[in-house]
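Chain by chain, the residues:
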Amino acid sequence: MTLRQLSFTALLLALAGNAFAGVLPDDRADVLYHLYDGGGVEIDGPSILVRKKAGKSLSFVGNYYVDMISSASIDVVTTASPYTEERTQWSLGMDYLRGNTTMRINYTSSSESDYDAETISFSVSQDMFGDLTTLTLGYSLGDDLVSRSDDPLFERDLDKQSYSIGLTQILTKNLISTLNFETITDEGYLNNPYRSVRYADGTSSVGYSYEPELYPNTRTSNALGVRARYFLPYRAAIEGEYRYFDDTWDIKGHTVALSYIHPWRDYTFTGKFRYHDQTGAHFYSDLFPFSEATNFRGRDKELSPLQSYTFKLKGSYEFLNDDGNKWWLFKKGKVTLSVDFLQVDYDDFSDLRVVAPVGEEPLYSLDANIYQLFFSFWY
Amino acid sequence: MINLLTEYGSTKRILLALLIAMGLSACGPIEPWVKPYERDKLADPIMALDGDAVSTAYIQHVYEAREGARGGEGAAGGGCGCN
């Protein structure tokens, strides 16, 4: 840890000194099954999140998460072979409440055959002005190791840091809002080691060839997000979200979302529409004019200019009400099913599965369905 | 022009009032304008901004893998999970 990081952590802890009276999160356990299915990729697995208080000022949280990946995506189909992979992630955290101040620390470890990541996070929240305002400062430090499954000697480091500040504000008795600003810096190996760029090559029978992509070694991004949720004149809520994003790779993004939440008896239904629009990275190209045409080059479709659309439907049923009667250890229980329909339209990423003259291939579009089923218990 | 001047004058008055209000508020504690007994609707579970953390973290991870933008919405998990 550098002196600058230590100073920042010390500042966070010092800010936590003033204290009055806050609230720790509920004791709760969630068991979730997730399935992503689209674009030739299937990813599923469990996520288990358990939170438990210890005394009046401590709360512990643990999460175990697995991605089981079976990929024959367009990148894989056009430049490599389909593969299966498993990523396991676990995290442990602690909240310490002192008066109106909550301090949090969290450690996360993620592991797969060719990528390991460790992240440690700190944050401090302070409730102010009669608990109408909550100010949160956060910092996280990530240490990743990138390797290749086909080259045991290949290892590259990637360091990540995140600085965030958030403000949650009760505006009226029906309206709550949040404002978040986050800066993330990356330094190290940012390529995907398996991906390639395409360049025009008259000597090739298809008119183009591939070479490894080469990214800059640094990236700094800024994101500013705002959300507001309003309690309607009848018992239902509406939420609006907006996020502005930019980074040193010249990606600029706008994301907007609108949600409607409607309870009925023991059920709660949510509908949400989300739209994201971004420009491409300055070193991105679908087709470079020749080999090593630029200092940096990439053809990851996520760095292409694109628009994504998501329509979410979510329903939950509270099968155990919080009416004072317990079932075994639990005072409340809920089951939730959620489906997201995701469509991504790429403005500069060709579908090379279609045979066409070089540069005239149709643009690629991705459709995916994302399912979540989870049980939640309060105790 | 008269309208513009009038509007400019009223803007100045509003700004002056805001500055006075901010100055006064700096002299004493800010009174909560939504009292604790008026927060029953805000305490309703349908008003929870992050009601299901396990689900929010998962869907943020999906978007970070599929789009070039990141951050500004709270923390998501590490690792790659690409392709």
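### Some thoughts on the overall build of chain B
Each helix and strand in chain B was counted, giving 2 helices and 0 strands. Split into buried and exposed, the 83 residues of chain B put 25% on the buried side.

### Some details on the overall build of chain A
Across its full length, chain A holds 2 helices and 18 strands. Taking 379 residues into account, the globule formula puts the C-alpha radius of gyration at 21 Å, and chain A, at 23 Å, falls close to it. Reported as C-alpha extents along the three principal axes, the dimensions of chain A are approximately 75 × 50 × 40 Å. Within chain A, the fraction of its 379 residues that count as buried is 30%. For chain A, contacts bridging at least 24 residues in sequence account for 56% of all contacts bridging at least 6.

### Remarks on the pairing of strand S4 (residues 83–98) of chain A
Residue and element names in this part refer to chain A. Where strand S3 (residues 58–71) and S4 come together, 14 bridges link them in antiparallel fashion. Counterpart to tyrosine 64 in the pairing with S4 is tryptophan 90. Strand direction decides the pairing type here: S4 and strand S5 (residues 101–112), joined by 11 bridges, are antiparallel. Pairing of glycine 93 across the sheet is with asparagine 106, part of S5. Counted between consecutive antiparallel strands, the loop separating S4 from S5 contains 2 residues, among which glycine 99 sits at a positive phi close to 60 degrees.

### With respect to helix H2 (residues 53–66) of chain B
With 14 residues, H2(B) extends 20 Å between its outermost C-alpha atoms, agreeing within 8% with the 20 Å of an ideal straight helix rising 1.5 Å per residue. Listed as buried for H2(B) are B:Val54, B:Ser55, B:Ala57, B:Tyr58, B:Ile59, B:His61 and B:Arg66. Residues of H2(B) that are buried make contact with strand S1 (28–38), strand S2 (41–54), strand S16 (306–320), strand S17 (332–350) and strand S18 (363–378) of chain A.

### A word on the confidence of the model for chain B
All names here are of chain B. Per-chain confidence: chain B averages 72 in pLDDT, with 53% of residues scoring 70 or above. Below a pLDDT of 50 lies the segment residues 1–8, which in the model reaches 0 contacts outside its immediate sequence neighbourhood of four places, other chains included. Counted against residues more than four places away or in other chains, residues 75–83, with its pLDDT under 50, gives 36 contacts. What the predictor reports for the complex is a pTM of 0.87 with an ipTM of 0.92.

### Re unusual backbone geometry
All names here are of chain A. Phi is positive for phenylalanine 129, which is not a glycine, with a value near 50 degrees. Its location among the elements puts phenylalanine 129 in the loop between strand S6 (115–128) and strand S7 (133–148). We note that aspartate 131 has phi near 65 degrees; this positive angle belongs to a residue other than glycine. On the secondary structure map, aspartate 131 appears in the loop between S6 and S7.

### Here's the deal with the confidence of the model for chain A
Model confidence for chain A is summarised by a mean pLDDT of 92, while 94% of its residues fall at 70 or above. Low confidence marks residues 1–21 of chain A, where pLDDT is under 50. Its contacts with residues over four positions away, or in another chain, come to 25 contacts.

### Regarding the pairing of S1(A)
Residues and elements named next belong to chain A. As paired elements, S1 and S18 share 11 bridges and run antiparallel to each other. Note on S18: the bridge partner recorded for aspartate 37 is asparagine 369. Bridge count between S1 and S2: 11 bridges; the pairing is antiparallel. What sits directly across from valine 31, in S2, is isoleucine 48. Connecting the antiparallel pair S1 and S2 is a turn made up of 2 residues, with glycine 39 showing a positive phi of about 60 degrees.

### Describing the environment of A:Ser177
Residue and element names in this part refer to chain A. Relative to the assigned elements, serine 177 resides in strand S9 (residues 175–188). Distance from serine 177 to tyrosine 284, taken between C-alpha atoms, is 36 Å for residues 107 residues apart in sequence. Sequence-distant contacts of serine 177, that is, excluding residues within four places in its chain, are made with Gln169, Leu171, Val226, Arg227 and Ala228.

### A closer look at the nonpolar core
Residue and element names in this part refer to chain A. In terms of nonpolar packing, the biggest core is built from 14 residues, with Tyr36, Val344, Tyr346, Tyr364 and Ala368 touching the most fellow members. Of all elements in the fold, only S2, S17 and S18 reach the threshold of two or more residues within this core. Residues contacting tyrosine 346, with those up to four places away along its chain left out, are Lys301, Ser304, Leu306, Leu363, Tyr364 and Ser365.

Quick notes on the rules
The residue numbering used here restarts from 1 in each chain and proceeds along that chain's sequence as written. Whichever chain is written first becomes A and whichever ligand is written first becomes 1, with later ones labelled in order. In keeping with the predicted nature of the model, local features appear solely for residues at pLDDT of at least 70, side-chain atom pairs appear and are counted solely at 80 or more, and the whole-chain, interface and lining totals rest on all residues. Here a strand is any run of E in DSSP of at least two residues, a helix any run of H or I of at least four, and the numbering for each starts at the N terminus. Counting other C-beta atoms within 10 Å of a residue's own tells you its class, since 20 or more makes it buried, 12 or fewer makes it exposed, and anything in between is partly exposed; those C-beta atoms are placed from the backbone. The globule rule used here is 2.2 Å times the number of residues to the 0.38 power, and the radius of gyration it is set against is calculated over C-alpha atoms. By the convention adopted here, residues make contact when the C-beta atoms placed from their backbones lie within 7 Å. Note on pairing: two strands pair once DSSP finds at least 2 bridges between them. In this scheme, a helix's expected span is set at 1.5 Å multiplied by one less than its residue total. Residue-level confidence of the predictor is summarised by pLDDT, bounded by 0 at the bottom and 100 at the top. Here, a nonpolar core means buried Ala, Val, Leu, Ile, Met, Phe, Trp, Tyr and Cys residues linked by C-beta atoms lying within 7 Å of one another.

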